[in-house]
Amino acid sequence: MSRKPQIAIIGMGTFGLETAKSLMAQGVPVCAIDNEEDVVNSIKDMVTTALLMDSTQEDALREAEIDAMDVVVVGIGAGRVEASIMTVSLLHQIGVKTIIARATSELHGRILKQVGATAVVNPERDMGQRVAKRIAKPALQDIITMSDGTRIVRVPAPASFVGHTLKDLDVRRKYNLMVLGIERPRDGAAAEKNHLAFDGFDFGESDSRADSMVIMNPDPAKDRMHDGDSLIVMGKGESIDILVESIEL
């Protein structure tokens, strides 16, 4: 049985707390750290361990054996930029292998990388970009965006696709996209036998449908698109835009 990763989260503001709760819900133990006693007391029943600690003190980090953690998330808020930079620097110095740090600006993010952050996230910027994408292209629902610009998205199948197989549609050649799966409402036609269908497939957004299933690795020659289906596709942004435009026209 594989060992569960050891995760520490420093800074129990909204970002840190929501990250902790999400990890706990997935069965991942979390050590939550904050420098405010009231905050620590309020979350101690939500996480595996809650510690009252000043993360800008190297001795405190070493005493708590934070260097033994697989991943440390630094979620210190906008009002304590200096503390977040110092914390990341100390974590790097004591040997933490993976440090994921919250940035509040591009400059903050660059500094965090320079002092040792493995990865930097900017929740406000990322959410703003996601909201903008949804407004501009409501049919498009991002799942993952990779560093090279490749994206995995869920997009409603155009009406012209209904009744056709993936081989007929030739999505790979026409749109330069790889079809990873088909999401199908449960009240639609049943999936054919031998399909690998996952209940409650997690698309990372609250709009994923509990009343649907996902057919992974669909058979290009046999699977026909049904009314209400969505495609899970992977490809470059410009190729995805062409598919989306065919839906919205």
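In the block above lies the structure referred to throughout.
Undergrad: What's the story with the overall build of the protein in this structure? I'm lost.
TA: Regarding its fold elements, the protein presents nine helices and 12 strands. Within the protein, contacts between residues separated by at least 24 positions form 60% of all contacts whose residues are at least 6 apart in sequence. A total of about 13,800 Å² of accessible surface is found on the protein, and carbon and sulfur atoms cover 53% of it.

Undergrad: Is there a simple way to think about the packing of aromatic side chains in this case?
TA: Each aromatic ring pair is summarised here by two numbers: the centre-to-centre distance and the angle between the ring planes. Taken as a whole, this structure holds one aromatic pair when the rule is applied. For the ring pair Phe161 and Tyr175, a centre distance of 6.3 Å and an interplane angle of 55 degrees mean the geometry is tilted. Linking Phe161 in the loop between strand 8 (150-156) and helix 7 (166-169) with Tyr175 in helix 8 (residues 171-175), this pair joins segments that are 14 residues apart in sequence. With relative accessibility at 14%, the residue Tyr175 sits in the buried group.

Undergrad: Whenever I open this one, the sheet that holds strand 3 (residues 49-52) confuses me. Can you help?
TA: As a general point, the strands of a sheet are linked pairwise by backbone hydrogen bonds and lie either parallel or antiparallel. One open sheet holds the six strands; their spatial order is 3-2-1-4-5-6, and the pairing between them is parallel. The strands lining the two open edges of the sheet, one partner per strand, are strand 3 and strand 6 (119-121). In this sheet, neighbouring strand axes are inclined to one another by 20 degrees on average, regardless of whether the strands run parallel or antiparallel. Examined bridge by bridge, strand 5 (residues 98-102) and strand 6 share three bridges and lie parallel to one another. The residue of strand 6 that forms the bridge with Ala101 is Val120. Each of strand 1 (7-10), strand 4 (71-74) and strand 5 touches helix 4 (residues 81-94); the most contacted strand, strand 4, lies at about 165 degrees to it. Here helix 5 (residues 106-114) sits on the sheet and contacts strand 5 and strand 6; the angle it forms with strand 6, its principal contact strand, is near 160 degrees.

Undergrad: Looking at this structure, how should I read the pairing of strand 5?
TA: Two faces make up the sheet, and in a regular strand the side chains alternate between them. Judged from the four bridges that link them, strand 4 and strand 5 form a sheet pairing that is parallel. Looking across to strand 5, one finds that Val73 is bridged to Ile100. For the crossover from strand 4 across helix 4 to strand 5, the handedness is right-handed.

Conventions used here
Residues numbered from 1 in each chain as written. Predicted model: local features only at pLDDT ≥ 70, side-chain atom pairs only at ≥ 80, totals over all residues. Heavy atoms only, no water. Helix = DSSP H or I, 4+ residues; strand = E, 2+ residues; numbered from the N terminus. Contact = heavy atoms within 4.5 Å. Areas by Shrake-Rupley, 256 points an atom, 1.4 Å probe, with all protein chains shown as cover. Phe/Tyr/Trp six-rings, centres within 6.5 Å; stacked < 30°, edge-to-face > 60°. Buried < 20%, exposed > 50% of the residue type's maximum accessible area, 1.4 Å probe, protein only. Pairing = 2+ DSSP bridges. Axes fitted to C-alpha atoms, helices over the stretch in contact; angles between N-to-C directions. Right-handed = clockwise from strand over helix to strand, strands pointing away.

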